[in-house]
Amino acid sequence: TLEADSAQRTRRRLTTAVGPRVLTEPAGQDTSATGKPRRTIHDCEHGTALPGEKVRGEGDPPTQDATVNRAYAGLGATFELLLSAYGRDSLDGAGLPLTASVHYDREYNNAFWDGDQMVFGDGDGEVFLDFTIPVDVIGHELTHGLTQYTANLAYYGQSGALNESVSDVFGVLVKQFTLDQTADRADWLIGEGLLAPGVSGVALRSMKAPGTAYDDPALGKDPQPATMEGYVRTSRDNGGVHINSGIPNHAFYLFATQLGGKAWERAGQIWFDVLTGGELEVDADFADFARLTVAAARARFGDAAELEAVTKAWSQVGVAT
Ligand code: ASN
Ligand code: ZN
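Residues numbered from 1 in each chain as written. Chains lettered and ligands numbered in written order. Predicted model: local features only at pLDDT ≥ 70, side-chain atom pairs only at ≥ 80, totals over all residues.

> Mind laying out the pairing of strand S3 (residues 98-102), listing which residues take part and the relevant values?
Burial within S3 is extensive, with 5 of its 5 residues counted as buried. Here S3 shows two buried faces, one formed by Leu98, Ala100 and Val102 and the other by Thr99 and Ser101. Bridging between S3 and strand S5 (residues 118-120) involves 2 bridges; their strand directions are parallel. What sits directly across from Ala100, in S5, is Met118. (Buried ≥ 20, exposed ≤ 12 C-beta atoms within 10 Å, placed from the backbone. Helix = DSSP H or I, 4+ residues; strand = E, 2+ residues; numbered from the N terminus. Pairing = 2+ DSSP bridges.)

Structure below.
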């Protein structure tokens, strides 16, 4: 399943968060900003040694391998969203080179950020296809890197579910940004196109309707709740980080669709401000995060539609602000 190996994985570089970013700082003023991604794609050739053989570097032409090219494009799309929407130069704000390895292991049913780079499996072809297919999955894994360099949310319980949720939020925004889609036209799915043809489902998760993404003998039923009423208490999956993320995911969906327009612009900006603003604690719970989104909405937009919509969205999912 999609949470299976997180526990075994050592986070090789759990650095402290970079300093708080002043909310009023104009975009693109970082003097170290190059404005260009520095991407490298490696091929594990079905082994598990990382990073594997280098197969495409920045500026190199496409290869014969669609998986390599999708990874390269997905890294570029994520870099472009962070820079053009939020003025952030890569994951660390200082032009960090982006590395991804593809064809990891055999029939590997997952993708992950290992603390330094992204890793993508090919899927087993029975349940999952190639994990580079959905650009939001690439954005999700990269956002784990952004979180590591900023709020560094602890990967357990509610802070872990927030860590997962912000990866889904910016992952889905990478897709919407790439397609130049407004919130009302977007599907709000994570991992569309990833499920193998025989599987009953549309994606890994749905931010619009958590709990409805799949229902299949091999996968079970999508376990995500949309509101606190359905909050799942479990010790599995680091305390249900991929389950309860449905709640903040749905709050973001409600907020963004209530506002309308391009979700990465105002809704995404507020989530970005909270994630990178230096006030979010590593062990924050949903209510801590929600209060900071309200404060960020006020700081950025004043007493306006954003403030009302974000407050309402959290109330709709049962989180107090
Ligand atoms: N694909 C999963 C994720 O990024 C892998 C993991 O970290 N458990 O959340
Ligand atoms: Zn994740």
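There's more to say after this.
> Outline helix H6 (residues 267-276), supporting the account with residue identities and numerical values.
Most of H6 sits out of view: 9 of its 10 residues are buried. Those residues of H6 lying buried are Ala267, Gly268, Ile270, Trp271, Phe272, Asp273, Val274, Leu275 and Thr276. Where H6 is buried, its residues touch helix H1 (66-86), helix H2 (135-149), helix H3 (157-179), helix H5 (246-259), helix H7 (286-301) and helix H8 (305-316). Taken from the residues just after H6, Gly278 is the one with a positive phi, measuring 90 degrees. (Contact = placed C-beta atoms within 7 Å.)

> Summarise the UniProt feature "domain: Peptidase M4" (unreviewed entry) in the protein chain; cite the residues concerned and give the values.
Mapped onto this numbering, the UniProt entry gives "domain: Peptidase M4" (unreviewed entry) at residues 64-148. Helix and strand shares over residues 64-148 are 41% and 13% respectively, and the end C-alpha atoms of the span are 33 Å apart. (UniProt positions renumbered as here; feature names shortened; annotations may be inferred.)

> Describe the sheet that holds strand S1 (residues 39-43), with residues and values.
The sheet built from 5 strands is open, its strands ordered S2-S1-S3-S5-S4 with mixed pairing. Either end of the sheet is taken by a strand with one partner, and the two such strands are strand S2 (53-57) and strand S4 (111-113). Neighbouring strand axes in the sheet, compared pairwise and without regard to direction, differ in orientation by 20 degrees on average. Two strands pair when backbone bridges link them, and S1 and S2 are joined in this way by 4 bridges, in the antiparallel orientation. Note that in S2 the partner of Thr40 across the bridge is Gly57. The strands touched by H2 within the sheet are S4 and S5, with S4 carrying the most contacts at an inclination of about 25 degrees. (Axes fitted to C-alpha atoms, helices over the stretch in contact; angles between N-to-C directions.)

> Go over the packing of H6 against H7 with me, naming the residues and quoting the values.
Packed helices, taken two at a time, are described by the angle their axes make and the gap between the axes. Viewed as axis vectors pointing N to C, H6 and H7 meet at an angle of 115 degrees, and their least axial separation amounts to 9 Å. As H6 runs across H7, the sense of the crossing is right-handed. Counting all contacts with H6, which are made through Gln269, Ile270, Trp271, Asp273 and Val274, the residues of H7 involved are Phe289, Leu292, Thr293, Ala296, Ala297 and Arg300. Its residues assigned to classes, the contact of H6 with H7 comprises 7 nonpolar, 2 polar and 2 charged. (Left-handed = near helix turned anticlockwise from the far one by under 90°. Nonpolar A, V, L, I, M, F, W, Y, C, P; charged D, E, K, R; others polar.)

> Describe in detail the domain arrangement of the protein chain, supporting the description with residues and values.
Domain boundaries in the protein chain define domain 1 (39-149) and domain 2 (157-316). Counting from both sides, the interface comprises 22 residues of domain 1 and, opposite them, 28 residues of domain 2. When residues of the side of domain 1 that touches domain 2 are traced back to their parent elements, those giving at least two are H1 and H2. Sorting elements by how many residues they give to the side of domain 1 that touches domain 2 places H2 first, with 9 residues. For the side of domain 1 that touches domain 2, the residue count by class is 13 nonpolar, 7 polar and 2 charged. (Domains from an automatic or database assignment.)

> Let's hear about the environment of Ile243: which residues, and what values?
In this fold, Ile243 is placed in helix H4 (residues 237-244). The spatial distance from the C-alpha of Ile243 to the C-alpha of Gln181 is 27 Å, given a sequence separation of 62 residues. Setting aside its immediate chain neighbours within four residues, Ile243 contacts Pro223, Gln224, Val232 and Asp237.

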